[in-house]
Amino acid sequence: MTDAAAEHPLPRAGWRTRLASRLAVAFFLPAAAVVVFAATVGFIEMRSALRESAFDRLRAATDVREGQFDRWVREQTNDLRFLATMPQLQEGITAAARAGTGAAALDAMLRRSVSTQQDFTRIVLLSAVGGRVFAASDSTLLGQYRVSERHFLEGRTRVVVQNVYPAPATGMPTLTIAMPVLAADGTTIAVLAGDANLARVEEVVADRSGLGETGDAYLVDRFHEFVRGNDYDRQRFPRGIHTPAIDRAVSGISGAGVYRNYAGREVVGVYRWMPARQLALFAEMSTDEAFAPARRLVWEMMLIGALAVLTLALGLMFVARHIARPVLEIADAAERVAGGNLTTTAPVRTADEIGQLAAAFNVMTRRLAAAHGALEAQLHATESAAEATEASRRLLRALIDHLPALVAVKDLDGRYLITNASFGDFHRVPAVTLLGRSPAEVLPQANAIAIAECDAQVLATGATLTAEETHVVGSQERAFLTARFPLRDADGRIFAIGVVATDITERKRLESQVLHQQKLEAVGRLAGGVAHDMNNLLTAVRCNAELLLDGMAPDHPDRQPLEEIDRSVRNGSALTRQLLTFSRAHVVRPSALDVNRILGGMTAMLRRYVGTGIEMRFDLADDLWLVRADEGQMEQVLLNLLSNAHDAMPVGGTATVATENVVVGGPTGVVVPNLAAGEYVRLGVHDTGTGIDPELLPLLFEPFFTTKEPGRGTGLGLSTAYAIVQQALGAITIDSVLGRGTTFNVYLPRHPDEPFVAPEPLPPRVAPGSGEMLLVIDDEAPVRTALRRMLALQGYRIVEAQSGRDALALFQEHGDAIALVLTDVFMPEMNGPEIAARLHEQRPSLPVIFMSGYTASEIVRRGLMREETRFLQKPFNRPQLVDLVAEMLRKTQIS
Amino acid sequence: MIHQLLRAVLRRAGIPLLAAVAAACSTPPADAPVVRIGVLASLTGPRVVMSGASTRDGAMLAAREINEAGGIDVGGVRHRMEVVLTDIGEGTDMATSAAQSLLTRPDIQAIVGPQYSRNALPVAVLAERVGVPMITPMASHPDVTAGRRWVYRIAFTDDVQATALARWAREGLHARRAAVLYEESASYSRGLTERFAAAFTQGGGQVVAREGYTRDRASDFSAALGRLAAAKPDVLLLPNELPDDTLQIRQAAAAGLRAPLLLADFVDPNVMSGLPMPGGLFTTHHWYLEGSAPANRAFVAAFSKVYGHAPNATSAATYDAVRLIADAMHRAGRTTPAALRDAIAATREFHGATGTMDFTARQDPAKRAVVMRLDGGRLVAVREMAP
């Protein structure tokens, strides 16, 4: 309280006099307002009356001028008519027509008329036919044709006044009066046409009489040009004169008003459109002159009023001083209170309004003391609230700074107001340094433009905008799921734009990886199905071909075609095998493998495979770790990659096969995309060929993708390799430079087992059968037939069943006579393993051979769990079939 | 087969492409600033069919195309183009009055027209004085643009046209004797007659008879044609406007004139085919329907699509004039008449339906004249004459 008083000392000097003078002023102001109001009303009233009187004067003036104008035109018409009827003129015309030459006498006559009368600028005679100027007061006009002008066309038969128009010959505003010159017999022998002197018209109109000191009257034609139209006006108003009054008048409206005229002067004016002349007539006088009496009246009223008010105010001031004293005592008390003394009271001397004021002042002082205490308490509360706000601000700051998402707030010009730590990290600068900058300063231009467009959309719609965006900082390209939303103040006005961007780069990468896997699986299932059916067909073809070949003389003419069939079937089955591998339907036997050993066994074959134009190099690591993989599949991967290398080097080059031990991940290991950390063996195949177009790289492992001509490649090689390596938990990478070459690197996980197990020795060949009964079950009749023929040749007896039910019936019928069962796996009603299970219920030791082209199924794996069962991959050849049957029968006999 | 099928399916199932939709430019909004140009055309009277309607159609098509393409970009602001069609009726005094009404409107930035030299000559005087650019599409009298700063034209001049007709008469028709029926009250007709006579005489021919008439006596030419027939001309030049020349063709045949007819650029096959013309009819234009320039092909196609009939030279030249103004205004970056005039004068290579134009050194574009024969209701180009 004391501080406040020190800062704002109360004014002491002049206090008494001011109170009194205020009372005087309180009276003076309304009194003065009344005086001013009265003066204003008086002025407006008078001005209105003066304006109406001015309008009347000006209207009368325009009436006079319009009449004068018309009279002037009539006079000129009469003068011209007089000329037209002069016998000398008619004679001259007749003479000129006869002579067929110029008419100097006529020219002189017309010149004389112009110079004596001065109301025409030029007078011409037009030929009655063609409207040619054959005589003129101005010789430059001679020879012109006015054949399509109104004053000629109409002037041939009657008197015509052609209102102001731009004359074709000169372009100047012209008023032309024309009439026929008649011969004695009444025929038109010429047209007499005079261009009126518009300067004279202006003289008539511009006469000041009746217009007062500042009056002005003028004519404007329908082209917004002064009729007097001297060059000065043209340069000043090249596009014509345009004021609201002129525009109205030229559009055919007559009226009156107070307006600014063409010179910018405020005038009282009357304008009139004269339709007969196609001209607008203006009569104007300045408002200064028109309203001068009204202004004089105002000054007089103001002066008298001011004197009266001033006298009264002085008297009032004297009275006010007496009333003011008790009030001043209260003022003193108030001053003490203002000094901090809240215990002060003011004396209550009278019972009137001022006494009440003193009493009320004392009550107020007490209340003020109480309120002061309460105020200090509230101050404390406000301070703690500010601290709480600051704490929650810090909390929010910490929260957004630890959010993995990018958070920013921008003002309406796109400059950052708030940015969190992740935002700064993404831009590789401390977040605070971005404040006040715009995206255009920190991002590539294309991104900044895209952001600005998004922001504009948010501002335009006021709605949240969610989008996926890609942003590049340095070499880093990241995908974001971005939400942009307007921030509104308490009135709902947008004052900023908020952005929250979640980095979804990793998620998108995983999505595309999953998509690729799903595609491969779908194609795999399809390929597996195709291979299954194809294998059934191939089995029948192959068995039958072999049956025919069997016992055929070496020079039999059918032998070669049959061998051709057999070869084609082998090729076909190689293809189905590849399909099955690709679909992971192949029976895989992974074991601990030494990749160097496999390469060692294939060296000669690989050199042959790549051909003579290509040099083959090997760069194999010593002490290479073992890997866990299927040997046959590894060979296939190698062949596929080398096949690719061969195709990439149509004009020769070098193919290098390299192996090495690699540690992936960890602090010292190399980084390989899509590969878990661990120990791997790298198998690299490098060629110096054409390289691969970067655009094609993502397609390379797609099934059926090939750059070869149709018929030259299946498009399955690389996708099969990919499938095999994936199955072995490894990865394939490609490095390719167009024109320089390509390297495929296969990473295979290290196998922990050490020993190398030598393959089992092949079992000895067995003797053919000796009448054992075999049950053959297959729903495909051609397969059954082929099997029967082949096995019968080996000395077995065969019973056939085309379904599970038939098989069970036959087994009942023949019982123990059946030594072995061959069954297809997939059949309608009852599948192979189910049939085997039913038979094994009756005779557990019964040997069963499953035949199928399709091995992916869990059914097959379950069926193979018994000792007595074996699996034969379709299509098989005779030795495979016969050897397996004999081996199974021998085992049974031994046991 | 199965491979191809699978490949196709797999490609389809690939990652969907993100397509960005660009906001296409369209007609400027209704509240866009407006550029107004006045178009002077005979919309009443006997010339409406030949000239007025063609002028209107050519101008409207150009304005419509300009607006549909987003308007005129003047200094970064899209402007809508508005054509203020103004009737100039029949008489020259009416033409000057109509032109002056347009020229004194401050919102008019340029005028197109008039098409006839006798109207274009006085209007050019007004445009020059007021300081508003004027482009006449068809007026061919050399004096329309001569010595002026604000006046340009699209068509060729009568010098080019008269010389081409004279050369064709001498070289193509091997004529030695020419007769002329011309309107002496029309500067266009007079000028063509004089220029033809000079070129024909210089080429070794002779103008053996000429007859003049005036506009107010333009219905019966048989007496004059009879006198011309008596001179036994090899060709008859009729450098006159429609519809006079239609009557003249009919009456020439009646008067026994069998010589080939030479007409100037007023020939309209729609009106004239079917008239008796035993010696054939030849004309010159600076434009013809089958012209192979891409700009012309596009114009002819657009015009025919909108109006359902083929355009004539008046439509083509008017179309070019409106588009030239839009192009110049864009280059000027301002809408003031002075800036527009400077930009028109700086036009270097404007590809119009009537040819490529350069106004950097002249106000009349260098145009070749195409000599054409009226043949079965259409005009067939027989020879091109370089300017």
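Everything numeric in this text was worked out from a predicted model, so none of it was measured.

Caption draft 1: Representation of the overall build of chain A within the structure. Counting its secondary structure elements, chain A contains 24 helices and 26 strands. Burial statistics for chain A: of 895 residues in total, 43% are counted as buried. By sequence separation, contacts in chain A at least 24 residues apart represent 61% of the contacts at least 6 residues apart. Of the roughly 46,400 Å² of accessible surface on chain A, a fraction of 57% belongs to carbon and sulfur atoms.

Caption draft 2: Representation of helix H21 (residues 804-814) of chain A in the model. All names here are of chain A. Along H21, the positions that sit buried rather than exposed are Gly804, Ala807, Leu808, Leu810 and Phe811. When H21 is viewed along its axis, its buried side chains cluster within an angular range of 165 degrees and face the same direction. The exposed set on the far side of H21, more than 90 degrees from its buried face, consists of Arg805, Gln812 and Glu813. Residues of H21 that are buried sit in contact with strand E22 (773-777), strand E23 (797-801), strand E24 (818-824) and helix H22 (832-842).

Caption draft 3: The arrangement of the interface of chain A and chain B in detail. Chain A puts 36 residues into the contact, and the matching count from chain B is 34 residues. As a salt-bridge pair, Arg156 of chain A and Asp216 of chain B come within 3.7 Å of each other at their nearest N and O atoms. The interface formed by chain A and chain B includes 14 residue pairs in polar contact (both at pLDDT 80 or more). The set of elements that each furnish at least two residues to the side of chain A that touches chain B consists of helix H5 (150-155), strand E3 (160-166) and helix H15 (505-549) of chain A. If you tally residues by element for the side of chain A that touches chain B, the top one is H15 of chain A, at four residues. Residues belonging to the side of chain A that touches chain B are distributed by class as follows: 17 nonpolar, eleven polar and eight charged.

Caption draft 4: Focus on empty space enclosed by the protein. Considering all chains together, one arrives at seven cavities of 30 Å³ or more under this definition. Taken as a whole, the largest cavity holds about 170 Å³ of empty space. Residue lining of the largest cavity: 17 residues in total, with Phe423, Ile451, His471, Arg484 and Val499 of chain A positioned closest to the centre. Within the residue set of the lining of the largest cavity, elements represented by two or more residues are strand E10 (406-411), helix H12 (421-427), strand E12 (465-473), strand E13 (476-488) and strand E14 (494-503) of chain A. Of the residues that constitute the lining of the largest cavity, the class distribution is eleven nonpolar, three polar and three charged. Estimates place the volume of the second largest cavity at around 130 Å³. Every residue lining the second largest cavity is counted, 13 residues in all, and those nearest its centre are Gln115, Tyr116, Met138, Asp265 and Phe266 of chain B. Residue composition of the lining of the second largest cavity, by class: six nonpolar, five polar and two charged. Here the lining of the second largest cavity spans two domains, since at least three of its residues come from each of domain 1 (34-156 + 291-367) and domain 2 (159-285) of chain B.

Caption draft 5: Representation of the domain arrangement of chain B in the model. Residues and elements named next belong to chain B. Under the domain assignment, chain B is made up of domain 1 (34-156 + 291-367) and domain 2 (159-285). Centre-to-centre, using C-alpha coordinates, domain 1 lies 29 Å away from domain 2. Between domain 1 and domain 2, the residue contacts involve 13 residues of the former and 15 residues of the latter. Summed over both partners, the interface of domain 1 with domain 2 buries about 1,400 Å², with 62% contributed by carbon and sulfur atoms. Inspection of the domain 1/domain 2 interface yields one salt bridge. In this structure, the salt-bridge partner of Arg118 is Glu241, at a minimum N-O distance of 3.1 Å.

Caption draft 6: Highlighting the sheet that holds strand E8 (residues 266-274) of chain A. All names here are of chain A. Across the sheet, which stays open at both edges, the four strands sit in the order E6-E9-E8-E7 with antiparallel pairing between neighbours. What marks the edges here is a single partner per strand, and that holds for strand E6 (216-221) and strand E7 (255-260). Neighbouring strand axes in the sheet, compared pairwise and without regard to direction, differ in orientation by 30 degrees on average. In this structure, E8 lies alongside strand E9 (residues 279-286), joined through eight bridges in antiparallel fashion. Opposite Arg272, over in E9, you have Leu281 as the bridge partner.

Caption draft 7: How the structure looks around the packing of aromatic side chains. Considering all chains together, one arrives at 17 aromatic pairs over all chains under this definition. Measuring from centroid to centroid gives 5.1 Å for Phe426 of chain A and Phe480 of chain A, while their planes differ by 80 degrees, and the two rings are edge-to-face. With Phe426 of chain A in helix H12 and Phe480 of chain A in strand E13, this pair connects stretches of sequence that are 54 residues apart. With respect to burial, Phe426 of chain A and Phe480 of chain A carry one shared label: buried. Ring centres of Phe303 of chain B and Tyr307 of chain B lie 4.6 Å apart, and the angle between their planes is 50 degrees; this geometry places the pair in the tilted category. Note that Phe303 of chain B and Tyr307 of chain B are positioned in helix H10 (residues 294-307) at a spacing of four residues, about one turn of the helix. Against the face of Trp150 of chain B rests Arg341 of chain B, its NZ or CZ located 5.9 Å from the ring centre.

Caption draft 8: Spatial organisation of a nonpolar patch on the surface. The grouping of Leu526, Val530, Met534 and Leu537 of chain A at the surface amounts to a nonpolar patch, some 330 Å² of accessible area in total. Residue class for Leu537 of chain A comes out exposed when judged on its relative accessible area of 52%.

Caption draft 9: Representation of the packing of H15 of chain A against helix H20 (residues 781-793) of chain A in the model. Residue and element names in this part refer to chain A. Relative orientation of the contacting elements H15 and H20 amounts to 35 degrees, with a least axis distance of 9 Å. When the axes of H15 and H20 are compared, the crossing they make is left-handed. Together, Asn536, Thr539, Ala540, Cys543, Asn544, Glu546 and Leu547 of H15 and Pro782, Val783, Ala786, Arg789, Met790 and Leu793 of H20 make up the contact between the two elements. Considering only residue class, the contact of H15 with H20 consists of eight nonpolar, three polar and two charged.

Caption draft 10: Just the side chain of Thr284 of chain B, in detail. Residues and elements named next belong to chain B. Looking at the element boundaries, Thr284 is found in strand E11 (residues 281-285). Side-chain polar atoms of Thr284 contact the side chain of Gln161, separated by 3.0 Å. Thr284 has contacts with Phe156, Gln161, Ala164, Leu165, Leu263, Ala264, Asp265, Val370 and Val371, leaving out every residue within four places of it along the chain.

Caption draft 11: Layout of H10 of chain B. Residue and element names in this part refer to chain B. Between its first and last C-alpha, H10 extends 20 Å over 14 residues, near the 20 Å set by a 1.5 Å rise per residue. All of the buried residues in H10 are Asn296, Phe299, Val300, Ala302 and Phe303. One or two positions beyond H10, positive phi appears at Gly308, with a value near 80 degrees.

Caption draft 12: Highlighting the domain arrangement of chain A. What the domain assignment lists for chain A is domain 1 (85-205), domain 2 (403-503), domain 3 (510-580), domain 4 (595-749) and domain 5 (773-894). With centres defined by C-alpha atoms, the gap from domain 1 of chain A to domain 5 of chain A works out at 131 Å.

Caption draft 13: Just the nonpolar core, in detail. All names here are of chain B. By size, the foremost hydrophobic cluster in this structure holds 56 residues, and its most contacted members are Phe196, Leu236, Ile249, Leu262, Met272 and Leu281. If one sorts the elements of this core by residue count, helix H5 (residues 158-172) sits on top with six residues. No fewer than three residues from each of domain 1 (34-156 + 291-367) and domain 2 (159-285) sit in this core. Those residues in contact with Phe196 that sit more than four places away from it in its chain are Ala162, Leu165, Ala166, Ala178, Leu237 and Leu262.

Rules of the game
Residues numbered from 1 in each chain as written. Chains lettered and ligands numbered in written order. Predicted model: local features only at pLDDT ≥ 70, side-chain atom pairs only at ≥ 80, totals over all residues. Heavy atoms only, no water. Helix = DSSP H or I, 4+ residues; strand = E, 2+ residues; numbered from the N terminus. Buried < 20%, exposed > 50% of the residue type's maximum accessible area, 1.4 Å probe, protein only. Contact = heavy atoms within 4.5 Å. Areas by Shrake-Rupley, 256 points an atom, 1.4 Å probe, with all protein chains shown as cover. Arc of directions from axis to C-beta. Salt bridge = Lys/Arg side-chain N within 4 Å of Asp/Glu carboxyl O. Polar contact = N/O pair within 3.5 Å; in protein donor to acceptor, adjacent residues only side chain to side chain. Nonpolar A, V, L, I, M, F, W, Y, C, P; charged D, E, K, R; others polar. 1 Å grid on protein atoms, 1.4 Å probe; cavity = no way out; pocket = protein on both sides within 12 Å on 5 of 7 lines; lining within 4 Å. Points joined across faces, edges and corners; volume = space filled by probe spheres on them. Domains from an automatic or database assignment. Buried area = accessible area lost by both parts, 1.4 Å probe. Pairing = 2+ DSSP bridges. Axes fitted to C-alpha atoms, helices over the stretch in contact; angles between N-to-C directions. Phe/Tyr/Trp six-rings, centres within 6.5 Å; stacked < 30°, edge-to-face > 60°. Lys NZ or Arg CZ within 6 Å of the ring centre and 35° of its normal. Patch = residues over 30% accessible without salt bridge, like charges linked within 9 Å, V, L, I, M, F, W, Y side chains within 5 Å. Left-handed = near helix turned anticlockwise from the far one by under 90°. Expected span 1.5 Å × (residues − 1). Core = buried A, V, L, I, M, F, W, Y, C linked by side-chain atoms within 4.5 Å.

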